[in-house]
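Each chain, written out:
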Amino acid sequence: MLITVVTIFPEMFPGPLSHSLIGKGIGRIWNLKIVDIRNFAEDKRNTVDDTPYGGGPGMVMKPDVVHEAMNHALSFYKNKPEIVFMTPRGGVFSNKMAKDFSKNHEGMIILCGRYEGVDQRVIDYWKKKYEMKEVSIGDYVLFGGEIPAMVVVDTCLRFSSGIMNNIESTVEESFSIDLLEYPQYTKPMTWNGYDVPSVLLSGNHGKIASWKLEQSKQVTRDVRPDLWARFKNNRE
Ligand code: ADE
């Protein structure tokens, strides 16, 4: 699977993506290419942005430059990859989206926006022609799409076979079934005056499973009433 990130900050990558299980999979299970948008600027000063028509603060990324960078990224693929544009104006990213993206064996291209935005025409063009999806990682605004892109890559790779051999754990985990995860404990049995819940030491698998489910329900009810409502709805 090839993941290509299109950015004006190539030096931010692979960054955190070179660590942990994901990092171990680079070059084996997945590959990362970075396209530096600045290489596609047409003037001597490598201009990638300009002032917005109609006025307003900040700068807007130029459509011609972004388009050429995206075309270059596309040339790495035989078939159509998933194409994603990181923007706070997108649909909110979820485990379900990650699972869908990871089904495309070609991989994905992720465009990172910066400044006040990207010229709308190049967004419209790529949406229409290549079904590019606009994706936000949540209702807050970062300086750019690079960290959001890392979030998307990390999450998608958890669904790609090879990295997570223990697929069950992705299924069981938070959000896969609309409930947050139950608490986990390891040795020592007593730490700082706190004991591991005795049911986990009972060896009774049925009891342990119902305790885990009950804990999941409780934490979801307490901290995420929105997820709790969805869980209840889905079960009815
Ligand atoms: N760029 C800036 N903020 C963002 C967000 N919340 N999600 C995706 N891309 C972004």
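Residues numbered from 1 in each chain as written. Predicted model: local features only at pLDDT ≥ 70, side-chain atom pairs only at ≥ 80, totals over all residues. Heavy atoms only, no water.

Enquirer: Which parts of the structure should I look at to understand the site of the ligand?
Expert: Taken together, 13 residues sit near the ligand, with T87, I137, G138, Y140 and L142 positioned nearest. T87 has a polar backbone atom sitting 3.2 Å from a nitrogen atom of the ligand. Its free accessible area being 260 Å², the ligand has 97% of it covered by the protein chains. Counting only elements with at least two residues in the shell around the ligand, the list comes to β5 (82–92) and β8 (133–136). Ranked by residues supplied to the shell around the ligand, first place goes to β5 with three residues. (Near = heavy atom within 4 Å. Polar contact = N/O pair within 3.5 Å; in protein donor to acceptor, adjacent residues only side chain to side chain. Areas by Shrake-Rupley, 256 points an atom, 1.4 Å probe, with all protein chains shown as cover. Helix = DSSP H or I, 4+ residues; strand = E, 2+ residues; numbered from the N terminus.)

Enquirer: Honestly, unusual backbone geometry in this entry has me stumped. Any pointers?
Expert: When glycine is set aside, most residues are seen to have a negative phi, and most peptide bonds are trans. A cis geometry characterises the amide bond from F13 onward to P14, with omega recorded as -5 degrees. K187 connects to P188 through a cis peptide bond whose omega is 5 degrees. Of note, P188 is situated in the loop between α6 (167–172) and β9 (190–191). Not every positive phi belongs to a glycine, and E131 is a case in point at roughly 55 degrees. Checked against the element boundaries, E131 lands in the loop between α4 (120–130) and β8. Even without glycine at this site, N192 takes up a positive phi of about 55 degrees. If you trace the backbone, N192 turns up in the loop between β9 and β10 (194–195).

Enquirer: Hey, could you run me through the pattern of salt bridges in this one?
Expert: Side chains bearing opposite charge may pair, as long as their charged atoms lie close to each other. Evaluation of the coordinates by the stated rule reveals ten salt bridges. E82 is the salt-bridge partner of K133, the closest N and O atoms lying 2.5 Å from each other. You can see K133 sitting in strand β8 and its partner E82 sitting in strand β5, a full 51 residues away along the chain. Ionic pairing is found between D100 and K96, a salt bridge with its closest N-O pair at 3.0 Å. Here the residue D100 and the residue K96 both occupy positions in helix α3 (residues 95–102), the gap between them amounting to four residues, near one helical turn. (Salt bridge = Lys/Arg side-chain N within 4 Å of Asp/Glu carboxyl O.)

Enquirer: Whenever I open this one, the packing of aromatic side chains confuses me. Can you help?
Expert: As enumerated under the stated definition, the model contains five aromatic pairs in all. Between the aromatic rings of W126 and Y130, the centroid separation amounts to 4.5 Å while the plane-to-plane angle is 35 degrees, which identifies the pairing as tilted. Remark: Y130 and W126 occur in helix α4; sequence separation between them is four residues, near one turn of the helix. Both residues of the pair, W126 and Y130, count as buried. Look at W228 and F231: their rings are 5.6 Å apart centre to centre, the planes differ by 25 degrees, and that puts the pair in the stacked class. Within this pair, W228 and its partner F231 are both found in helix α8 (residues 225–235), separated by three residues, close to a single helical turn. These aromatic residues form a ring-pair network of at least three members: Y125, W126 and Y130. In this structure, R221 is placed above the aromatic ring of W228, and the distance from its NZ or CZ to the ring centre is 4.8 Å. (Phe/Tyr/Trp six-rings, centres within 6.5 Å; stacked < 30°, edge-to-face > 60°. Buried < 20%, exposed > 50% of the residue type's maximum accessible area, 1.4 Å probe, protein only. Lys NZ or Arg CZ within 6 Å of the ring centre and 35° of its normal.)

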